[in-house]
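Geometric and topological summary
For reference, the chains in residue letters:
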Amino acid sequence: MEYLRLVEELAERASGGDGEAEVIIMHSRTTMVRVNAGEVLEMSAADSKGVGVRAIKGGRMGYAYTSDFEPPTLDLTLSSAAALADSSDPDEFRALPGMERDLVENQDLEVFDPELSERSPEDKVAFILAAERAALDHDPRVVATSYCSYHDHTTRMFLANSHGFAGSHESTGVVAYLRAVARDDSGQAAGLGLGCSIFYRDLEAELVGCEAAGKAVQLLGGRPVKTQRAPVIMDPFAGVEFLSFVANALTAESIQRGRSFLMGKLGEKIASARVNLVDDGRLVRGFGSAPFDGEGVPTARTSLVAGGALEQLLYDTYTARRDGTASTGNAQRSSYRGLPYPAPTNLYLLPSSRRVDELISSVDTGLYVTSTMNTGGINPVNGDYSVGASGLWVEKGEFVGPVTGVTVAGNMLEMLHNVADVADDLRFIPISDSIGAPTMLVQGMTIGGT
Amino acid sequence: MDTDRMIGDEVARRVLTAALSHGGDLAEIYVEDRCTTNLSLEDSKVEEAVRGTDRGAGVRVFYGSLSTYAHTDDLSGRSLQAVARNAALAAQGANRVQVLDFSRAQSGLEFPIEKPFEAMEAQEKSQLLRDLDQEARRFDPRVVQVQARYSEDRRRIRIWNSEGRHAEDERNLIQLSVIAMAQEGDLVQRGVGMIGGQLGLELLDRVDPLAEAREAAASAVKMLDARPAPAGEMPVVMNNGWGGVLFHEACGHALEADFINQGVSVFTGRVGEQVASPLITLVDDATLPERRGSYRFDDDGTPSQHTLLIENGVLREYMWDMAQARRANRHPTGNGRRQSFRYLPMPRMTNTFIKAGESDPEDIVRSVQRGLYVKMLGGGQADTARGDFVFSVSEGYLIEDGRLTAPIRGASLIGNGPEVLKEIEMVGHDLELDKGLGQCSKGQQVPVSVGQPTLLIPRITVGGTSEIP
Ligand SMILES: [Zn+2]
């Protein structure tokens, strides 16, 4: 592949002989369709590529990028990265990964759908219209949808550094979602339906539409409950949102910068024995899977929390060197326009073999949460957690009615200790990072209502 | 970068013709060339130094209420033809239009740059950040951490559409910010200093950046002595300037035409009605020199304008982009904006502010027996359609017997934007716009300015005991 040779050559030239350099090219094709009331509102298609150059010399780092591959612009980008390195301050831990580890050879991660490029725009329009139709047909009380859209991408990444690393990776992803709006005499309610897959053929329009409609209808007539302390059952949507804050606190960067409630807790028990958290960059069909990370370090399966004990953090090369340890292969690049940073690959809470209905029937009085809204009540430093929530009220192990307009609050460290049970329904919701959760039961939350 | 690397009339004509080859009502090509530099300092070190060029184009085709869009960052003729074909893909329209002759739109507006960004080396800009860090730390030993950031952004755009419109614009933004963290025991407080605008490096000659570092340190240290905020309903005096962000979030968005056309805004169908106190005149004006939200042409190529949204409390106009205006058969108000060529434009605010009134700001404070004086708002959230909001107060003082007394912490303002607009009792003569860092997020990020004179809100709920992060 031509781009692989280009990144190798640029990395060699950018290092200038006595420095280190890394070059990335990302090339992506994306399509999007947005519909409403059976009509297409927007369609877009994009083809974008760009190159980013990271130069490090004497612990000083500079980064430059461009989307123009003409030789004069590439030359300018290389010299720009070097000049920016000169203008920054030295940090003894700034360095690129060495070549001490061999790249584990291509295990098939099943993250590329060769058929996606054969799908026509008409197929995609028909798909998302069918999802909307399914939501509207699911129940007569579903009157409209919003944000009904289909997205897909094909991304190719080429990475090389001046220590001799060179590799490429390609992946696809397909996402469809919509909000269904239901209305009856009691008022209005909304529900989100989401489908995500690596492979186009695995995505089912009816499931996306019916999920949104089912959630909206079940919240009709919802009211706040009295303010009280009670257990909360989080469905995978609510659980993934909670875990995304935990995942952020688990990055070495948050901890080193003093922005994590898990500071100083490595090796300690931070959660109940039910909590096992794993980050797996080689998960087959994982949305965040790749053979190597954004710095060329081989990805791995890392046990972060085992039986409630904090065992490991998410490291890239810089944060690992600062802590005198090895990178866990968690350097992420969201685009060629930015520096790598430590973040999850596929991070998830290990499921059990218990069914969701068993979990629910074990609760005497509590709230089953199907939707949360971040209203700015999350403090990553002290762990305070407060979100707007809606769902179903549970009494004696049964759903007794919808609840809306309440807040669910606690402290994230206490919440982790209070995880009493997890179910078997692990689901990944890759909205920003690829994070997965099964339904989970958390004791002793504060529900704020009337 | 030389602009000649961007495309010209002939290429534009070929692309628009290809985009309309399957029918359509209107086709447009938007070309952008952008160069940004960001430097940031933390722990007294310049750690991130990033520079990039973004160049690309997007082609849009309207067919009735449908619009299709395709974009690329490859400006070669072959790539642009492929983009035009992609944009034409959804065409089922029987409508056939011709690409008219282009005529270059003229604007009387000038936003001259006296000292271009290249006039200073990256090293000097880094040194400025180190100086800011030292200045803030020298101010008081309780200043324990400083974050400083410099950024420059030069964006050139060209737009052609099949109705013969050709518009060009250039926007230069500079900003410098300092956040100081002061600590005493377990208590950490934050202070912010910032300068910025649609300017070149002459900004650094006009205002002393070091004064911003001292200001950030002073406000962080002052807040260490703050006592917890009182809760409940009380009168609030909002300082002039940045407080306008509350009205931007809680009223301005509801006046954007997409929310109006969807019928979800509280202001839908209310033009001509009294929607605010007669003291309130709310304006959106993209023609102001040196402001972050200003431009000669918007991202649809429509000339920018001064738009009277609310006049003496009466609703006069909404903010329209081309797509929403076509849908409602209205004239665009030059409010079509996009984050970059990767996005479709949508109706957005520019520089939005409440006009000056007649009261003396000191009289406004003197009129309050017991209440809250808000000097600086922190983060906030607002439901854009209904206008419900929660904002934290990052610097505030008690008002007792008409005088500012103790600093308070942990206060937040809770209310409904349109309701607050109706209740405002006094408007100062001291209109000021923010200091140049406004960024508005509505799926896409665009630079904006907000502003207001000192205002008296007779009753608002002050709540929360949570610490300000
Ligand atoms: Zn906004």
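Residues numbered from 1 in each chain as written. Chains lettered and ligands numbered in written order. Predicted model: local features only at pLDDT ≥ 70, side-chain atom pairs only at ≥ 80, totals over all residues. Heavy atoms only, no water.

**What about the overall build of chain A?**
In plain terms, the rule: Secondary structure counts use DSSP, requiring at least four H or I residues in a row for a helix and at least two E residues in a row for a strand, with both numbered from the N terminus. Taken over C-alpha atoms, the radius of gyration is set against a globule rule of 2.2 Å times the number of residues to the power 0.38. Only protein chains enter the accessibility calculation, which uses a 1.4 Å probe; a residue is then buried when its area is under 20% of its type maximum, exposed when over 50%, and partly exposed in between. When checking whether two residues touch, look at their non-hydrogen atoms; a contact exists if any pair is within 4.5 Å. Note on areas: Shrake-Rupley with a 1.4 Å probe; residue coverage comes only from the protein chains shown. The charged-residue count follows a simple rule in which Lys and Arg add positive charge and Asp and Glu add negative charge, with His and chain termini not counted at all. The atoms used to mark charge sites are NZ of Lys, CZ of Arg, CG of Asp and CD of Glu.
Each helix and strand counted, chain A has nine helices and 20 strands in total. The C-alpha atoms of chain A give 24 Å as radius of gyration, which agrees with the globular expectation for 450 residues (22 Å, within 12%). Residues counted as buried form 57% of the 450 residues belonging to chain A. Considering only contacts within chain A whose residues lie at least 6 apart along the sequence, 71% involve residues at least 24 apart. Total accessible area on chain A stands at roughly 17,800 Å², and carbon and sulfur atoms take up 50% of it. For chain A, the distance from the average position of its 38 positive side-chain charges to the average position of its 60 negative side-chain charges is 4 Å.

**With respect to the nonpolar core**
Side chains that are nonpolar tend, in soluble globular proteins, to be buried together. Cut-off, in case you're wondering: Here, nonpolar core refers to any group of buried Ala, Val, Leu, Ile, Met, Phe, Trp, Tyr and Cys residues whose side-chain atoms link them within 4.5 Å.
Ranked by internal contacts, the top residues of the largest apolar core, which has 57 residues, are V33, I128, Y150 and L178 of chain A together with I29, V31 and W160 of chain B. In this structure V33 of chain A touches V40, E42, M43, K124, V125, I128, C148, S149 and Y150 of chain A, once residues within four positions along its chain are discounted. One finds A230, L310, L313 and A389 of chain A within the second-largest nonpolar core, a separate group that totals 55 residues.

**A look at the packing of helix α3 (residues 121-138) of chain A against helix α4 (residues 205-218) of chain A**
Residues and elements named next belong to chain A. The condition is simple: Each axis is a line fitted through C-alpha atoms, taken for helices only over the stretch in contact, and angles between the N-to-C directions span 0 to 180 degrees. Note on convention: the crossing is left-handed when the near helix lies turned anticlockwise from the far helix by less than a right angle, right-handed when the turn is clockwise. Charged means Asp, Glu, Lys or Arg here, nonpolar means Ala, Val, Leu, Ile, Met, Phe, Trp, Tyr, Cys or Pro, and polar covers whatever is left, Gly included.
Running from amino to carboxyl end, α3 crosses α4 at an angle of 35°, the nearest separation of the two axes being 7 Å. Crossing geometry of α3 relative to α4 is assigned as right-handed. The segment α3 lies against α4, with F127, A130, A131, A134, A135 and H138 engaging A205, E206, V208, G209, C210, A213 and G214. In the contact of α3 with α4, the residues fall into nine nonpolar, three polar and one charged.

**Brief notes about the coordination of the zinc ion**
Residues and elements named next belong to chain B. For clarity, the threshold we go by: Only nitrogen, oxygen and sulfur atoms qualify as donors, provided they sit within 2.8 Å of the metal or within 3.2 Å for Na, K and Ca; with water excluded from the atoms, sites may seem incomplete.
The zinc ion binds to the protein through H248 (NE2), H253 (NE2) and C440 (SG); the donor distances cover 2.1 to 2.4 Å. Coordination of the zinc ion draws on donor residues from a single chain, spaced H-x4-H-x186-C in sequence. Of this pair, H248 sits in helix α6 (residues 244-252) while C440 sits in strand β22 (residues 439-442); the two residues are 192 residues apart in sequence, bridging distant segments of the chain.

**A closer look at the sheet that holds strand β24 (residues 449-452) of chain B**
Residue and element names in this part refer to chain B. Using the following cut-off: When DSSP finds two or more bridges between two strands, those strands count as paired.
Judged by pairing direction, the sheet is mixed, and its six strands sit side by side in the order β12-β11-β10-β15-β24-β21 without closing on themselves. Edge positions in the open sheet fall to β12 (314-315) and β21 (432-433), since each of these has one partner strand only. Running over the sheet, α6 touches β15 (351-354) and β24 and is turned about 115° from β24.

**So, the interface of chain B and chain A**
Under the convention used in this document: Buried area counts how much accessible surface, traced with a 1.4 Å probe, disappears from two parts once they are put together, with both parts' losses summed. Counted as salt bridges are all cases of a side-chain nitrogen of Lys or Arg within 4 Å of a carboxyl oxygen of Asp or Glu.
Residue-level contacts link 39 residues of chain B with 41 residues of chain A. Approximately 3,200 Å² of surface area, both sides summed, lies buried where chain B meets chain A, with 43% of it carried by carbon and sulfur atoms. Contact with chain A buries surface across chain B, with E47, R51 and D73 of chain B losing the most and accounting together for 16% of the total. Counting across the interface, chain B meets chain A through seven salt bridges.

**Let's talk about the domain arrangement of chain A**
All names here are of chain A. To keep things clear, this is the line we draw: Domain extents, as shown, originate in an automatic or database domain assignment. As used in this structure description, the phrase polar contact means that two N or O atoms lie within 3.5 Å; if the pair is within protein, one of them must be able to donate a hydrogen and the other to accept it, and residues adjacent in sequence are counted only when both atoms belong to side chains.
For chain A, the assigned domains are domain 1 (3-218) and domain 2 (228-448). Put simply, the middle of domain 1 and the middle of domain 2, counted by C-alpha atoms, are 22 Å apart. Both faces combined, the contact of domain 1 with domain 2 buries some 3,700 Å², and carbon together with sulfur accounts for 63% of it. On inspection of domain 1 and its partner domain 2, the count reaches five salt bridges. Where E22 meets R333, a salt bridge forms, and the shortest distance between an N and an O atom there is 2.8 Å. At the junction of domain 1 and domain 2, the tally comes to 14 residue pairs in polar contact (both at pLDDT 80 or more). Elements with a minimum of two residues in the side of domain 1 that touches domain 2: β1 (20-36), β2 (39-57), β3 (60-66), β4 (142-161), β5 (166-184), β6 (187-197) and α4. When its residues are assigned to classes, the side of domain 1 that touches domain 2 shows 22 nonpolar, 12 polar and 13 charged.

**Details of the pairing of strand β25 (residues 455-463) of chain B**
Residue and element names in this part refer to chain B. Burial of β25 is extensive: seven of the nine residues sit out of reach of the surface. Here strand β9 (residues 232-238) runs beside β25; their pairing, made up of six bridges, is antiparallel. Bridging from a neighbouring strand, G232 pairs with V462 of β25. Here strand β19 (residues 412-416) pairs with β25 via three bridges, running antiparallel. Within β25, the position partnered with L413 by the bridge is V462. Note that strand β20 (residues 426-427) and β25 share two bridges and pair antiparallel. Counted as the bridge partner of M426 is L456 from β25.

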